[in-house]
Amino acid sequence: MSAALTVWVKGIGLWAPGTPTWHAFREVATGEASPAGNERPVADVLPPNERRRAPESVLLAAAAAGQAVAMSGLNAADLPCVFASSHGDQVITDYMCATLASAPAELSPTKFHNSVHNAPAGYWTIATHCHAASSAVSGGEESFGAGLLEAATLAVADDRDVLLASYDIAGTGPIGGMTLTTGAFASALVLSPRADGAAIRLDITPEPGNSAGEASGDAWMDGLAASNPSSLAVPLFHALAAAHSTALRVPAARGLDLHIDVETVP
Amino acid sequence: MPHPMSPLAVRAFTATSALGRGLEAHAAAIAGSRGGLAPNDFSTTALPCWIGRVAGVEDEPLPGEYAQWECRNNRLAWLTLRQDGFIDAVRAARERYGASRVAVLLGTSTASIGATEEGYRRLENGAMPDDLQRPAIHTPHSLAGFVADVFDLEGPCLTVATACSSSAKVFANAERMIRLGLIDAAIVGGVDTLCDSVLFGFNSLELVSGEPCRPFDADRNGISIGEAGGFALIERAVEGDTSPLFIGYGEASDAHHMSTPHPEGLGAELALRDALARAGIEAGDVDYINLHGTASQKNDEVEAALVARSFPATTRASSTKGFTGHTLGAAGILEATLTLLAMRDGVVPANLGARTPDPLCGPQMAWQSEQADLRIALSNSFGFGGNNACLAFARQGASA
């Protein structure tokens, strides 16, 4: 049976505690290095002023997205983009709800406009002069897979290269007690409907049931994958780092997994 | 490049807003040019403004089986789903295609943040109070999770949260998935309810009017915030389809500013051109446009100029936010519903609230209600972050 969606990977980006770039993550995944340090995400796509003021969610998403677009060699201005996040910026949500509970009239206008779920998509399109379609999506605990399905669908349906960025940050305050997210993680892919010399192909087929999520046995990887919903991307990125053909499942909704055949093209 | 799309059938649709519950309440209010705005009696601290509030939400808790989803937003979702035979239409689609072939694709801006706000107002030892210790409602995906649970669906389930374009963009998500054969039907739509976040948030940006909003009035001075829910069931159209048709959509980004539209309406125009191209129509084919028209100074200025320069005088255009207020993430589906009703009934909604037309407005503006044969219509939605969407529909039985 042929896959429902076939896309080629043209660019990869990642930020995780201890591996601030895709290259750093790949070295850890292949056993050539250990995770080290906890560098801030480098979102050099954003103008310096915006970078200084940007909330953590925007920095994180833009850092991963910037790496993926740079690797692809494409112009970010031309790429429709999908920004996926389960919970958005929980630090801002915590601020908003705490301020509304004590002094609602003192709410910061900047914090309010940064509180929208599409703030990273908005800042990204402004910084890259991208007039293509942009979206911000959530799929609950399955946000990464839901975003991947949406981005691959968009790439194939409109026959265009598409940027996917997926991020979540650590929870804080009472909202953090509900989301149980313990760390930040972001990943990004530039997905293309055409091979054009790309080295990795993803054959994606939605399948009923949720059987994804078995542990890899690598304590660091498994800890990372458990830190927030967006880091459910870790097994896929681990497979991309290994650079050999394999198959895995990524949850995309309640009762729905994506079966993904990762094919390396010689 | 936009691919021309095959028309899809809007098999069922419904909305609930300050105008009432279900389609006939909306049709009657539009026919009588009766708005639903009232002085703000919602915010936890006084805020002098007008709001579009859905009556009775607080008196109708969710049935016990959905207790974990209890909150104002999901109550309004449940209220909305129960109008116009919508539940039966979805159940029939599930029966026809199977639980994994029907997607839930919903837009919202704040989802159930009202419940999170409430938790922060009555924290217990610094944590959410016991009755609100329900993670499923403290996340943007609460609404879509609830609706998927109600219908026991296991297809793609996605929340689009691009502020005020959210529940328009979900029509595009549905078209792509249906065209590629990933699904056979989709529930699209969205719900946003009143909460302190939006009332005090827009107030902090000085965008809230102290009186009922007046879209495209020369002296307009800000928005009125409303709440609404709306849903549509989208499937492939069949030969001789008698349902209204969804014939095109456009999506684009301003790349200009987080909370101010592009001064020349660049993103809005790109979304419009994209929608016309996908629908295979020209501006002259458009009989009616339901405008975004929030009554904010800049947004209306940009949209008025775009309509004046892009459409013939015969195209009719109006904003319905004077009726319902700006229902934020639910605006796209509410206004799509009002657009479908305008075509069904041959009634162009009045641009309620405006007294002195902004001179930027062209002859397209329908200041008062009009009777007209409306075969093809557009609905515009623009959101924070410069996120634009435009939907194109054709009337029941009208060929695109």
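Quick notes on the rules
- Residues numbered from 1 in each chain as written.
- Chains lettered and ligands numbered in written order.
- Predicted model: local features only at pLDDT ≥ 70, side-chain atom pairs only at ≥ 80, totals over all residues.
- Heavy atoms only, no water.
- Helix = DSSP H or I, 4+ residues; strand = E, 2+ residues; numbered from the N terminus.
- Rg over C-alpha atoms; globule rule 2.2 N^0.38 Å.
- Areas by Shrake-Rupley, 256 points an atom, 1.4 Å probe, with all protein chains shown as cover.
- Contact = heavy atoms within 4.5 Å.
- Buried area = accessible area lost by both parts, 1.4 Å probe.
- Salt bridge = Lys/Arg side-chain N within 4 Å of Asp/Glu carboxyl O.
- Buried < 20%, exposed > 50% of the residue type's maximum accessible area, 1.4 Å probe, protein only.
- Arc of directions from axis to C-beta.
- Phe/Tyr/Trp six-rings, centres within 6.5 Å; stacked < 30°, edge-to-face > 60°.
- Lys NZ or Arg CZ within 6 Å of the ring centre and 35° of its normal.
- Pairing = 2+ DSSP bridges.
- Disulfide = S-S within 2.5 Å.
- UniProt positions renumbered as here; feature names shortened; annotations may be inferred.

Asker: Would you mind showing me how to read the overall build of chain A here?
Answerer: Helix and strand content of chain A: 10 helices and 8 strands. Its C-alpha atoms give chain A a radius of gyration of 18 Å, near enough to 18 Å, the size a compact globule of 266 residues would have. Projected onto the principal axes, the alpha-carbon positions of chain A cover approximately 60 × 40 × 35 Å. Within the structure as shown, chain A displays about 9,200 Å² of accessible surface, and the carbon and sulfur contribution to it stands at 53%.

Asker: How should the interface of chain B and chain A be read in this particular structure?
Answerer: One frequent convention defines the size of an interface as the accessible area lost when the parts assemble. The interface of chain B with chain A comprises 64 residues on the first partner and 61 residues on the second. In this assembly, chain B packs against chain A so that about 4,800 Å² is buried in total across both faces, 65% of it on carbon and sulfur atoms. Applying the counting rule to chain B against chain A returns 5 salt bridges. Here B:R176 makes a salt bridge to A:E150, at a shortest N to O gap of 3.0 Å. Put simply, the parts of the chain that give the side of chain B that touches chain A at least two residues each are helix 4 (113-121), helix 5 (142-151), strand 6 (157-160), helix 6 (166-179), helix 7 (196-204), strand 10 (245-253) and helix 8 (266-279) of chain B.

Asker: Any chance you could explain helix 1 (residues 22-29) of chain A here in plain terms?
Answerer: The periodicity of an α-helix, 3.6 residues per turn, causes residues three or four positions apart to be oriented the same way. Residues and elements named next belong to chain A. Within helix 1 the residues assigned to the buried category are W22, F25, V28 and A29. Seen from one end, helix 1 has its buried residues packed into an arc of 120°, which puts them on one side. Contact partners of the buried residues in helix 1: strand 1 (5-15), helix 3 (56-72), helix 9 (219-225) and helix 10 (234-242). In the stretch just after helix 1, G31 is the one whose phi turns positive, near 80°.

Asker: What exactly am I supposed to notice about the packing of aromatic side chains here?
Answerer: One pair of aromatic rings is described through two measures. These are the centre distance and the angle between the planes. Taken as a whole and assessed by the stated rule, the structure comprises 16 aromatic pairs over all chains. Look at B:Y66 and B:F146: their rings are 5.7 Å apart centre to centre, the planes differ by 85°, and that puts the pair in the edge-to-face class. Of this pair, B:Y66 sits in the loop between strand 4 (50-52) and helix 2 (72-81) while B:F146 is found in helix 5, placing the two residues 80 residues apart along the sequence. Using a relative accessible area of 7% as the deciding quantity, one classes B:Y66 as buried. What links up through ring pairs into an aromatic cluster is the set A:W22, A:F25, A:F144, A:W220 and A:F237. Sitting over the face of the ring of A:Y95, A:K111 holds its NZ or CZ atom 4.5 Å from the ring centroid.

Asker: Would you mind going over the sheet that holds strand 8 (residues 225-226) of chain B with me for this structure?
Answerer: Strands in a sheet are paired, the pairing made by backbone hydrogen bonds, and the direction either parallel or antiparallel. Residues and elements named next belong to chain B. Strand order in this open sheet of 3 strands is 3-4-8, and the pairing throughout is mixed. Edge positions in the sheet fall to strand 3 (38-39) and strand 8, since each has one partner strand and no second. Where strand 4 and strand 8 come together, 2 bridges link them in parallel fashion. Note that in strand 8 the partner of G52 across the bridge is G226.

Asker: Whenever I open this one, the state of the cysteines confuses me. Can you help?
Answerer: Each disulfide consists of a covalent bond between the sulfur atoms of two cysteine residues. Residues and elements named next belong to chain A. Overall, the coordinates contain 0 disulfides over all chains when judged by the stated rule. Here C81 is not disulfide-linked; the sulfur of C130 is the nearest cysteine sulfur, at 4.9 Å. According to the relative accessible area criterion, C81 is buried, its value standing at 1%.

Asker: Teacher, can you tell me more about the UniProt feature "domain: Beta-ketoacyl synthase-like N-terminal" (unreviewed entry) in chain A here?
Answerer: Those residues carrying the UniProt feature "domain: Beta-ketoacyl synthase-like N-terminal" (unreviewed entry) are residues 27-210 of chain A in this numbering. Taken as a whole, residues 27-210 of chain A contains 42% helix and 18% strand, while its terminal C-alpha atoms sit 30 Å from one another.

Asker: Would you mind showing me how to read unusual backbone geometry here?
Answerer: Note on backbone geometry: most residues besides glycine have negative phi, and most peptide bonds are trans. The backbone phi angle of A:H129 is positive, close to 55°, even though this residue is not glycine. Within the secondary structure, A:H129 is located in the loop between helix 6 (119-128) and strand 3 (134-138). Exposure remark for A:H129: the relative accessible area of 55% places this residue in the exposed category. Of note in this structure, B:D152 is not a glycine but carries a positive phi near 55°. Note on placement: B:D152 falls in the loop between helix 5 and strand 6.

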